[in-house]
Each structure stands twice: as structure tokens, then as C-alpha cells.
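Read off the chains here:
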Protein chains: 2
Amino acid sequence: MAIQPEPRPEPRRPWNRAQLLRAAIALADTGGIESLSMRKLSHELGGGTMSLYNHFSNKDDLLDGMIDSVFSEIELPAGEHAWKDNMRRRALSIRAVMTRHPWALGLMESRRTPGPATLRHHDAVIGCLRDAGFSLQLTAHAFSALDSYIYGFALQEQSLAFGTPEETSELAKAFLLQFPTKEYPRLAELTIDHVLQPGYDYGDEYEFGLDLILDGLESTWLRR
Amino acid sequence: MAIQPEPRPEPRRPWNRAQLLRAAIALADTGGIESLSMRKLSHELGGGTMSLYNHFSNKDDLLDGMIDSVFSEIELPAGEHAWKDNMRRRALSIRAVMTRHPWALGLMESRRTPGPATLRHHDAVIGCLRDAGFSLQLTAHAFSALDSYIYGFALQEQSLAFGTPEETSELAKAFLLQFPTKEYPRLAELTIDHVLQPGYDYGDEYEFGLDLILDGLESTWLRR
DNA sequence: ACCTGAACACCGTTCAAGT
DNA sequence: ACCTGAACACCGTTCAAGT
């Protein structure tokens, strides 16, 4: 009796980089960056242990691609706005993007191979400032000061784990119970009389610091 | 013939938390945070696979301790200085500490259990500003703006991988060859005519942005 | 009470082998 | 050319067992 040959399993639809990046980002958005493994992503998409390696040389290559994809979501300076408005909009846009992809921030620290979207972004920001009459020196100052603040704020927001203001309040209360108020009286005061007051939202701090820097840059720029 | 009993192996000297934290920090300083594993640290100190778990409940507990230890290295505000001077010194001190322990920055993002040194630090900063007459509101503004900038700059410095200025120059040159200059003309200009000029050092940008914020805070404070 | 090895459920990646 | 499973050298941590 002839053995019925096993029907060959339907070969999966071939992948492409863009689709894989989308899936990897979705996985990181949902489960955090620690839930993204080469094996898990591949299996989730119906591939084998090693299938991803046909499209990315290694995990770093995948992470580089994810970061560049995140950069492509940032609003670029547009010709019709003044530099200050453009830089302000960019800052707000980066915060929105970082909120959508919180895992991206921690990765930027270690990425050293910028992709095309990243380079396009940097080029547009520099161009915006140069066109407004910023010297090379002042452009470098502005870029450094703004990006330090923008990404630093995102870092603060993450380490403070401030989701909704309600969560913040819960966290601050738990926090107060945890440490001896007597030993840290100024921290306790700020927590009780400011952070725990109704309407408090750490996110509101963003524009204060941002405008401090933008106004400072404007003064320097006017004195050029 | 009686079997010679195996001489019992010399029991290792018992550990304590402080010593383990020092060793863990030294390991991370030398080989990066990815070289720090519970097993490796334990083996290096003559312990078994699980020995560390007698002193830390898990790896997060160890990381929390390391971060708090790093915080203890930061120069605290001192009574004899004005608030602006104190905040400036603190900012410079944090950069120095982050240069010594580059792995700490990436960890701060995920730490949510501040230790005593961290709380003492926060309490001292808040106290310094309050004593100078900052309202609770302005204290929160100042703390947020300064820390965002300080940690953000450290992040920039790391992602730009600027070691010595010489390395920077090498990196920038390799960088220019890598991407099509024609496609990113403003970025190319800034790189060639500014970054690659003799004497350029990205670290010099730190004080520009810092003073922008400190001066802005001072204006707001004077108007109080 | 303090310590630790075996075992489990994971990783990224090399390599040899399949089509 | 494209794909993938076994195997290797790692992880953090549970658990049972030692002293």
C-alpha cells in the first residue's frame, strides 16, 4: 500500500522589510521592547526560528530600521512657518511620537547608524535654522539645546511613569507612604502641596521648559 | 585503606550589599551594562550561580541599588552658594558622574523605586530652590526643565558616541563618506564647516544650553 | 539561617542542510 | 537564491537540597 505523501505545507507569503518593521514596532508598542525577540516576531508571522535573518543581518539591524521608521513619523519643518514656530511644532511632534513608541527612546542611546529618515530630519532642522539666518555655530547650539531638552523630557516622563494624571496621583500617594516624610520634608511638601493638587499633570511642564529655550535662542538670534 | 577525605573547600568570605554594588558598578563601567549578569558577577566574586540571590531579591533589585549608588556621587547643593551657582554645579557634577557610569542613564528610564540617596538628592535640590524664594510651581518648573536638559544632553552625548574630539572627527569623516552629501546638503555643511573644524568638541555645547535655562529661570524668578 | 546546583524557559546567532 | 532546524553559548529565576 502506497504511503500517502504528506501534503507540503502551504509556503508562507514572502516578507519584505517594511512589513517586518511595522510588525516589530507593533510588537514593541504593545508589549514593550523586552517582548521583542527575533524568534518571537518570526514565529508570530508564521516563520521559523531563523527566518528573520533573511531580511536583517542581525537584531541591531532590525532595531536600526525601527528607529529610522520612528523618525519618519516626526513632523518636519515646513517652509510657511517661522523658525520658532517650526521648532516648537517639531518638539510637540516628537513628544507625541515618543508617547506612541516609548521603547524608542532607550534605543536611541545605542543606535549609531542613522537611516535615511533620520538624516532627512536632521537636514530639515538645520536647513530651517540656517534659512532663518542662524550661523553654523548658533545652529549647532540650537540643535543641541533643543534635542537635549526634548529627549530628556521624554526620559523624565518615562522614569516618572506618569500615565494619566489619576495614575500619577495614585503613584505619588503610594510614594509618600513609602518614604519617611520627616527625612525628606521639601520633597514631601512639593508632592503634597503641588503634585497631589487637583489638575496637576506633569506633561504640562513640557512647554514651560521648551519656551524657555526657544525664547533664549530668539534673544541670541536677534543679537546676531 | 581509608579514603582520604576531600579537604572541604575554603568557604568564601561572606558578602555584603555595599561591596556587591561596588563590584557590579565596576563591572558595568568596564564592560558595559550588557556584560553584567547575575551569574557572571557571582562567579567573578567566587560565588555560585545563585549566590547573589541571598543579597538581592532579583536583578531589578540589584539595578535599583546601583542607580541609587550613582546618585550618591552627585554633588549636592551647599548652603554657601546662590541657587544659580548650586544648580550649575549640580549640572556639571551630573555630567561628570554620567561620564563615569554611562550605563546608568539607560537604566534610569526604567527604575521606579528611588533609593535613599536619590530621595536625598531630590530633597536637597527642592530645598535649595525653595530657600531662594521659588514658589512650589516655579520649583517644579525649574526641576523639570533642568533635569530634562541635563539627562537629555547625556543621552545626546552617548548617541553621538563622542569620546575624544579626535574620535569625533574620525566618526564625522566616516559618516560623510557614508551618506550622499547631495541629498543632505545642510547636514553636510554643518558637519564639514563646523564639526570637522579644529577645536570642535561637542561637550562644549553643554554650558550654552544650561545657561539658556538658568538665565531664563532667573528672569522668571526676578519677576516673582 | 545561609548557601547553591540542577533544571526550566527563554535569548541571539552559527552552521549545515534543505528546496 | 532563499529558507530553516539543530545546536551552542548564553540569560534570569524556581525549586529542592545541602550545611
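Residues numbered from 1 in each chain as written. Chains lettered and ligands numbered in written order. Predicted model: local features only at pLDDT ≥ 70, side-chain atom pairs only at ≥ 80, totals over all residues. Heavy atoms only, no water.

1. A short note on helix H4 (residues 83-100) of chain B
Residues and elements named next belong to chain B. This is how it is decided: For the purposes of this entry, the term helix denotes a DSSP run of H or I that reaches at least four residues, the term strand denotes a run of E that reaches at least two, and both are numbered from the N terminus. To estimate how far a helix should reach, multiply one less than its number of residues by 1.5 Å. The buried label goes to any residue with under 20% of its type's maximum accessible area, the exposed label to any with over 50%, and the partly exposed label to all in between, with areas taken from a 1.4 Å probe on protein chains only. The contact criterion used is simple: two residues touch if any of their non-hydrogen atoms lie within 4.5 Å.
Taking 1.5 Å per residue as the helical rise, H4 with its 18 residues ought to reach 26 Å, and the 26 Å between its terminal C-alpha atoms agrees with that figure. Three or more residues of H4 are buried, namely Trp83, Asn86, Met87, Arg90, Ala91, Ser93, Ile94, Val97 and Met98. Contact partners of the buried residues in H4: helix H3 (59-71), helix H5 (103-108), helix H6 (116-131), helix H7 (136-159) and helix H10 (205-222).

2. Observations concerning the interface of chain A and chain B
Heads up, the condition is: Two parts placed together each lose some accessible area under a 1.4 Å probe, and adding up what both lose gives the buried area. We count a salt bridge whenever a side-chain nitrogen from Lys or Arg sits within 4 Å of a carboxyl oxygen from Asp or Glu. Any pair of nitrogen or oxygen atoms within 3.5 Å is treated as a polar contact; in protein, a donor-acceptor pairing is required on top of that, and neighbouring residues in sequence qualify only through side-chain atoms on both sides. Charged means Asp, Glu, Lys or Arg here, nonpolar means Ala, Val, Leu, Ile, Met, Phe, Trp, Tyr, Cys or Pro, and polar covers whatever is left, Gly included.
Contact residues are listed per partner, giving 58 residues for chain A and 58 residues for chain B. Summing the contributions of chain A and of chain B, the shared interface buries around 4,900 Å²; its carbon and sulfur component is 66%. At the junction of chain A with chain B, the criterion picks out four salt bridges. Taking the shortest distance from any N to any O, the salt bridge between Arg130 of chain A and Glu189 of chain B comes out at 2.9 Å. Our count for the contact surface shared by chain A and chain B stands at 14 residue pairs in polar contact (both at pLDDT 80 or more). Taken together, the elements giving at least two residues each to the side of chain A that touches chain B come down to helix H5 (103-108), helix H6 (116-131), helix H7 (136-159), helix H8 (165-178), helix H9 (185-195) and helix H10 (205-222) of chain A. Partitioned by chemical class, the residues of the side of chain A that touches chain B number 27 nonpolar, 18 polar and 13 charged.

3. Observations regarding the environment of Ile33 of chain A
Residue and element names in this part refer to chain A. With respect to the element layout, Ile33 can be found in the loop between helix H1 (17-31) and helix H2 (38-44). On a C-alpha basis, the gap between Ile33 and Leu63 in space is 10.0 Å, while along the polypeptide they are 30 residues apart. Apart from residues no more than four positions distant in its own chain, Ile33 is found in contact with Ala28, Leu63, Met66, Trp103 and Leu107.

4. A word on the protein's contact with DNA strand C
What counts is decided by this rule: By convention in this text, a residue qualifies as near a molecule or strand provided that one of its non-hydrogen atoms is within 4 Å of it.
Taken together, 18 residues lie around DNA strand C, and Arg39, Met50 and Lys59 of chain A together with Arg12 and Ser51 of chain B are the ones closest in. Take Lys59 of chain A: an N or O atom from its side chain is 2.8 Å from a phosphate oxygen of DNA strand C. It is H2 of chain A that contributes the most residues to the surface near DNA strand C, three residues altogether. Taken together, the residues that form the surface near DNA strand C break down as five nonpolar, seven polar and six charged.

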